[in-house]
Each structure stands twice: as C-alpha cells, then as structure tokens.
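# Observations on chain architecture
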Amino acid sequence: MRLPAYIALICAVFSACGGETDKAVGESRAQVNDSIALHVAVFPSLDALPLMVANDWGILDSLGIRTEIAVYRSQLDAEKALVDWKADVAMSDMFRVGWWQSLGKPIRFAFSTRRPLYIMPNRVLRIVKPAQLDDRMIAGTRNSQEDYFTDQVIALIPRRKGQILRPQINSTELRLSMLKAGQLDAAVLNEQQALGARHAGYSSLKLDSVNISGFSGFACCSQKNIATISKLQAAYNIAVSRLCSHSDVLHISSEIRKAIFISDGVDSLVVPSRDFAHSSLPSATKCKEAVSWLHNRFVVSTNYTGDTLLVSY
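As a starting point, this report considers the structure included with it. These figures come from a predicted structure and were not determined experimentally.

What counts and what doesn't
- Residues numbered from 1 in each chain as written.
- Predicted model: local features only at pLDDT ≥ 70, side-chain atom pairs only at ≥ 80, totals over all residues.
- Heavy atoms only, no water.
- Core = buried A, V, L, I, M, F, W, Y, C linked by side-chain atoms within 4.5 Å.
- Buried < 20%, exposed > 50% of the residue type's maximum accessible area, 1.4 Å probe, protein only.
- Contact = heavy atoms within 4.5 Å.
- Helix = DSSP H or I, 4+ residues; strand = E, 2+ residues; numbered from the N terminus.
- Phe/Tyr/Trp six-rings, centres within 6.5 Å; stacked < 30°, edge-to-face > 60°.
- Lys NZ or Arg CZ within 6 Å of the ring centre and 35° of its normal.
- Axes fitted to C-alpha atoms, helices over the stretch in contact; angles between N-to-C directions.
- Parallel < 35°, antiparallel > 145°, perpendicular 65-115°, else oblique.
- Left-handed = near helix turned anticlockwise from the far one by under 90°.
- Pairing = 2+ DSSP bridges.

### Observations concerning the nonpolar core
With 45 residues, the main nonpolar core has Met94, Ile119, Leu133, Ile138, Phe149 and Leu309 as its most contacted residues. Setting aside residues no more than four positions away along its own chain, isoleucine 138 makes contact with Ile119, Leu133, Thr150, Ile154, Ile164, Leu165, Arg166, Pro167, Ala186 and Val188. Counting residues in hydrophobic clusters, the runner-up holds 40 residues, among them Leu38, Val42, Leu46 and Ala239.

### A word on helix 2 (residues 49-56)
Of all eight residues making up helix 2, seven are buried, and the element is well covered by its neighbours. Those residues of helix 2 that sit buried are Leu49, Pro50, Leu51, Met52, Val53, Ala54 and Asn55. Against strand 2 (38-42), helix 3 (59-62), strand 3 (67-72), strand 9 (216-221), helix 9 (226-243) and helix 10 (254-259) lie the buried residues of helix 2. One or two steps after helix 2, the chain reaches glycine 58, where phi turns positive at roughly 80°.

### A short note on the packing of aromatic side chains
Counted by the stated rule, this structure contains nine aromatic pairs. Ring geometry for phenylalanine 218 against tyrosine 236: centres 6.0 Å apart, planes inclined by 70°, an arrangement best described as edge-to-face. Of this pair, phenylalanine 218 sits in strand 9 while tyrosine 236 sits in helix 9, and the two are 18 residues apart along the sequence. For the pair formed by phenylalanine 218 and tyrosine 236, the shared burial category is buried. Note that arginine 96 overlies the ring of tryptophan 99, its terminal NZ or CZ placed 4.5 Å from the centroid. A cation sits over an aromatic face here: arginine 198 above tyrosine 118, 4.8 Å from the ring centre.

### Brief notes about the packing of helix 5 (residues 94-102) against helix 12 (residues 284-296)
Interaxial distance between helix 5 and helix 12 falls to 9 Å at its minimum, and their mutual angle equals 60°. In terms of orientation, helix 5 and helix 12 fall into the oblique class. The element helix 5 and its partner helix 12 pack so that their crossing is right-handed. On helix 12, the residues that touch Met94, Phe95, Gly98 and Trp99 of helix 5 are Lys286, Cys287, Ala290, Trp293 and Leu294.

### A look at the pairing of strand 8 (residues 186-190)
Strand 8 sits mainly inside the fold: five of its five residues count as buried. One ladder, built from five bridges, connects strand 6 (residues 117-121) with strand 8; its direction is antiparallel. Its bridge partner being in strand 8, methionine 120 is matched across the sheet by alanine 187. As defined by bridge partners, strand 7 (residues 138-139) adjoins strand 8 across two bridges and the pair is classed as parallel. Bridge pairing in strand 8 places isoleucine 138 opposite alanine 186.

### Things to note about unusual backbone geometry
Phi is positive for asparagine 143, which is not a glycine, with a value near 55°. By secondary structure assignment, the location of asparagine 143 is in the loop between strand 7 and helix 6 (145-154). At phenylalanine 261, a position not held by glycine, the phi torsion is positive, near 65°. Summarising the element assignment, phenylalanine 261 is placed in the loop between helix 10 and helix 11 (272-275). Accessibility expressed as a relative area gives 41% for phenylalanine 261, which makes it partly exposed.

Interpretation note: all reported values are geometric properties and have no functional meaning in isolation.
What follows is the structure, given as structure tokens:
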C-alpha cells in the first residue's frame, strides 16, 4: 500500500475515536444538563448553524423549547451520542439511520437539510474530472451519505482499471487538514470544509449529474415527542430566513463560529442566500433509494424494509 494511504488509514483509526468538544455551545437559558432540555448533537457543517443561532437568538425559547447543543468532531460521534441516550436529536443522514436501525437502535430520520458534498482533489495531482480518480484514494465515511456520494462519482469513471482506496476518516476537519498536507489524493467534504479548501487554493470537481439532496438532516430518538421535533424544525426555518436576510455570517457570535470551525477567511466566503435553505419533511422516494443502496451494499439485511426509517408526523 502506498505511504499516503497507510498514513490515512492510521489517522482514520484515531479520528474514529473522536468525541465531544469541551463544552456545550449556544446553550439556552436552561442550565447545563437540564433534564427538561432537548439535547441536540451537531458537528462542523453549515447546516448546523441555523439551529445554533436559533438557540443563540432566542428563537427556540420563543417556541417553548429549552435546548442544549453540543458540538462533536464528526457525524458519527454525534450519532453515537444519540444512540447512547446522551442526545435527543442529532445530525445524520438516511443511510446512517438505516444502518443504526439494523443494529436495533430506536432512532428515526426527522427532517432534511441542505448539506451538499464535494470531491476535493489534491491540487498537486491536477485532477479536474472524475476519470482521473481511477487508481486513487478518496477519503470519506462508510455506510453514509458520503459513501453513497462517492459511489455515484466512481460510477462516472469510464473503463476503470485501477483500485480506488476509500479510507474512513470520520472528521471532515481532519480530512481537510490531511488534504492540505498532501496525505490524500482526494477527500469528500461538506460545504463548510470545501469553502476552507477553496480559501486555501483548492478546486472541487464539477459533478452536476450527481444529486444527493434530501438524504441529510436530523435524526431523533423515536420515543421523543413529535410535537417538539416539529417546533425544532420550525425554529430552524425561522433562523434560515433571518440568516438569508444578511449578506454574510460575520454578525454571528464568535463563540458559535469557533465552535463549528468557521474560521477567519471561511466566514467571508459564506453566502447565506446560497448556502442556507429551509428544512423539509423527508422524502419517501429518497428513503426507498437509501434502503435500496443499503441492500445492494449488503449493509443491512434484505428483511429491512425501511418502513421505520422516517418519523411519522
């Protein structure tokens, strides 16, 4: 195995052990560890921001929801908090929820958010089209929207000849750091880290034919009050409207920007009207597509139908 691949796999082991950051961020007026509060687990991604500012700006309080938001290093860490009953709601995607359900975990996908993904190649390799990814290494997270996205991109490579290595590196911030250090051929990044890469002079591949909208969003413990989840989604959408009324995110508290790694330079590249969108109820069609992929990849049993994957409103 090539040296960069070996380094990536070693780092993947360490990244898989990531956990929560030092403290909850953007807490409401409720006290820390308030048993009445709704505990929400997020990770560094732009679609976490509306919920965080909804808390910071009192939108959640106005709807009668006490909320504590904890930032985790990766989506998998946020999901682990959910299945371990340390959180009531967590950022996730339909593929991951199906995987967790196959393990007997009582969580469901609640609502969809805008979370586009990008393939960001190592700029030294001068990769400008999917065909050049053959016999390369693409870092991402297994059994997830990122994994599904990578499959769609690889399918665009004509007459494949080489092996494509796919090391699991759960933290997108770590992936970005490794990409900048030249340790990866390419990495799957969400929009926030993609902006960070562009700020450093990297370019993403043009993949207009790949559509992954509707798969990402928030999941919840299936026992949680659905009315509360509906209010959480309403607060999210109110916050999006307010965010989109500004030309940038520089007015957002430095604490929130620091918590989810929206660093100087990146914050100036965020265009709210382009980068934020109202959440939506999950699509049954997208659900079927996710379940089909899970079956085809032998991630879940063929007996799994996905009928419990979505929250029933």
